[in-house]
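# Residue-level structure breakdown
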Amino acid sequence: MAKDRDHKERGGGGQGDKKMFVGVIWNCAAELKLLLGALLILCSIATVLQFLPSRFSISPTDLRLCLAKISTATTTTTTAISNDFNDGDSSYYSILPSPSPSPPYTAAPPPPPAVEHEQILNNSILKRAFNPYGAAAYNFITMGAYRGGPNTFAVVGLSSKPLHVFSKPVYECEWVPKNNPENSTFAAQTYKILPDWGYGRVYTAVVVNCTFSDPINVDNTGGSLFLHASTSGGGDTRFNLTDRILSLEEKPDSVDFSIFLASSKPKYDYLYCGSSLYGSLSPQRMREWIAYHVRLFGGKSHFVIHDAGGVHEEVLEVLKPWMELGYVTLQDIRDQERFDGYYHNQFLVVNDCLHRYKHMAKWMFFFDVDEFIYVPSKQSIKSVIDSQSGFTQFTIEQNPMSGQLCTQDDYGKAHRRWGFEKLVYKDVKRGIRRDRKYAIQPRNVFATGVHMSMNLQGRSNHKTMVRYFHYHGTIAKRTEPCRNYVNWTTDNFENKPYVLDTTMRNTALAVKKFEYSMIGSRLQNTRQ
């Protein structure tokens, strides 16, 4: 009796489990029908394709999109069944195969317009057809958008250069309050600036300035800035394509309006905006450059470094001590390499830096990492820069230095000396226009360039005591720069006149001591 009862209990339990399984399947009949129907359609299409002529074809993109949709439907159905099983006995859930994630397919571009064909007109003229496909360049690529004041914003990005050279794209700015999105406001004035002096390639740098009639988000409840970028028929006169681009989001209580007051003091006295760093840079040259300039500019200075591929692991180790002390901000901008602009998009990069830190610095400096700013030894950087307070911009003259000439006294011990300590011969050839670098008071500047700004309010001064020593190309050399050791104070080398100039050499000992006092000996074994 007991055995029979146990047998019935086991048998009854098995029948109950079967009923539960059938019940769940019945509840998911709609999902199973969808799955089986999709598979049936796919198999039918595959069968029909075998009998179509060779002229007919389906692109891989179309086929991937089709498979992706079916995969999504399959995953949804499997998940629904899994959830139903999970509501009951977990042992049944374990027998279901886990849905594999769909591969990251690239989204297809929008479909082209209907194909037009050639036709004979009533006057016997053959009308030819032109059918566009794809897109050669993006309408607009944003890098950043920033407040310039209570009612002004700047959007920094890239746009198709031919669009701006041969057409007249139009921009509009719209502010949408977070708590009242229906009550949006358009800027009273929106204008673009192309700061790259025509040097753009496929893409050109664009700064869009938006000025609203009244202060925006004064209650600090948050909102969003949208940029409307219209092609105005550029590329295809049949269409005026407009992209509505979310450029900036302000969260509630995130805006400090006090920084826009004329009486507010910026966080830094001097801020360095660096161009794009790329290639195989020398860690030792970078070490020398950052130590020298932190000492020069002092405790209220900051350096923004833009990594376009040049900050490899050894260079990063050089920057880390200064990052930890708060002197350096490193930005990874390697993705800009996707978009073909001038010189690793350096015009884009410097303009983003200008507007990002506009209200954080009294003065901004723009120069490269193979260039060293110098003021006369009897002057301080503060006294020299303060003397320029009446100007929005001052430019800095160049002292070009040889990157391979060293003195005979350094032979055999050059590897122990720093770059600016041993490269002591200055090119003094006359009649050559040499590039300048510059500094600006950023609050009065709307856009900027590599060698100077052409979009500012105020005056520029081109005659100051500030110079920069330029060791051209040395930052990209991973070997000993000294190639020729000479024993003269003035002579010609490779048809250029040089003179001995130990100005920078005389500062080397003080810079080395300063580095040691700030970060210790952690960089003593840095390689070329």
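Cut-offs and rules
Residues numbered from 1 in each chain as written. Predicted model: local features only at pLDDT ≥ 70, side-chain atom pairs only at ≥ 80, totals over all residues. Heavy atoms only, no water. Salt bridge = Lys/Arg side-chain N within 4 Å of Asp/Glu carboxyl O. Helix = DSSP H or I, 4+ residues; strand = E, 2+ residues; numbered from the N terminus. Buried < 20%, exposed > 50% of the residue type's maximum accessible area, 1.4 Å probe, protein only. Core = buried A, V, L, I, M, F, W, Y, C linked by side-chain atoms within 4.5 Å. Contact = heavy atoms within 4.5 Å. pLDDT = per-residue confidence, 0-100. Pairing = 2+ DSSP bridges. Polar contact = N/O pair within 3.5 Å; in protein donor to acceptor, adjacent residues only side chain to side chain. Axes fitted to C-alpha atoms, helices over the stretch in contact; angles between N-to-C directions. Expected span 1.5 Å × (residues − 1). Arc of directions from axis to C-beta. Parallel < 35°, antiparallel > 145°, perpendicular 65-115°, else oblique. Nonpolar A, V, L, I, M, F, W, Y, C, P; charged D, E, K, R; others polar.

One side chain can pair with another of opposite charge once the charged atoms of both are near each other. Scanning the entire structure with this criterion turns up 26 salt bridges. The closest approach of N and O atoms between Glu515 and Arg287, which form a salt bridge, is 2.8 Å. Of this pair, Glu515 sits in helix α11 (residues 508-519) while Arg287 sits in helix α6 (residues 283-297), and the two are 228 residues apart along the sequence. The same class applies to Glu515 as to Arg287, namely buried. Through salt bridges with shared partners, a single ionic network connects Asp410, Arg417, Glu421, Arg505 and Lys512.

With 53 residues, the main nonpolar core has Met286, Trp289, Phe297, Trp322, Phe365 and Phe420 as its most contacted residues. The element contributing the most residues to this core is α6, with eight residues. Among all residues touching Met286, those that are not within four sequence positions of it are Leu277, Ile305, Val315, Val318, Leu319, Val369 and Ile475. Judged by nonpolar contacts, the second largest core, of 18 residues, contains Phe140, Ala145, Leu227 and Ile245.

Overall, the prediction assigns the protein a mean pLDDT of 85, with 80% of residues at 70 or greater. A low-confidence stretch, residues 1-22 stays under pLDDT 50, and its non-local contacts, those more than four residues away or across chains, total four contacts. Across residues 53-65, confidence stays below pLDDT 50; counting only partners more than four residues off in sequence or on other chains, it has six contacts.

Overall, antiparallel pairing links the four strands, which are arranged β6-β5-β9-β10 in an open sheet. The open sheet has two free edges, formed respectively by β6 (185-186) and β10 (242-250), since each of these has just one partner strand.

Within the secondary structure layout, Lys422 lies in helix α10 (residues 419-422). Judged by relative accessible area, which is 0%, Lys422 ranks as buried. A polar contact of 2.9 Å, which involves the side chain of Lys422, links it to the side chain of Glu480. If we skip the residues at most four places from it in the chain, Lys422 touches Leu405, Cys406, Asp410, Ala414, His415, Arg417, Glu480, Pro481, Cys482, Arg505 and Gln528.

This paragraph deals with the sheet that holds strand β26 (residues 496-500). The three strands lie next to each other as β18-β26-β25, forming an open sheet whose pairing is antiparallel. Only two strands of the sheet have a single partner each, and these edge strands are β18 (425-427) and β25 (490-493). If you compare each strand with its neighbour and ignore which way they point, the axes differ by 35° on average.

Let's shift gears to the pairing of β26. Every other side chain in a regular strand lies on the same face of the sheet, so the side chains alternate between the two faces. Bridge analysis of β18 against β26 gives three bridges, and the strand direction is antiparallel. Bridge pairing links Tyr425 to Leu500 in β26. By the bridge criterion, four bridges tie β25 to β26 in an arrangement that is antiparallel. Looking at the pairing, Thr490 lines up with Val499 of β26. Taken together, β25 and the strand that follows it, β26, pair antiparallel across an intervening segment of two residues, in which Glu494 is found at a positive phi of about 55°.

Of all the eight residues making up strand β16 (residues 393-400), seven are buried; the element is thus mostly covered by neighbouring parts of the structure. In this structure, β16 lies alongside strand β19 (residues 437-440), joined through four bridges in antiparallel fashion. Bridge pairing in β19 places Thr395 opposite Tyr438. Here four bridges tie β16 to strand β23 (residues 467-470), and the two strands are oriented parallel to one another. The residue of β23 that forms the bridge with Gln398 is Tyr468.

In this model helix α7 (residues 313-324) runs 16 Å from its N-terminal to its C-terminal C-alpha over twelve residues, within 8% of the 16 Å that 1.5 Å per residue would give. Of all the residues in α7, the buried ones are Val315, Val318, Leu319, Pro321 and Trp322. One side of α7 carries all its buried residues, which in axial view fall inside an arc of 145°. Exposed and facing more than 90 degrees away from the buried side of α7 are Glu313 and Glu324. Positive phi appears at Gly326, one or two residues downstream of α7, with a value of about 90°.

Packing of α6 against α11 leaves a shortest axis separation of 9 Å and a crossing angle of 90°. As the angle between them shows, α6 and α11 are arranged roughly perpendicular. Residues Arg287, Ala291, Tyr292, Val294 and Arg295 of α6 form the contact with α11, whose own contacting residues are Ala510, Val511, Phe514 and Glu515. Counted by class, the contact of α6 with α11 contains six nonpolar, no polar and three charged residues.

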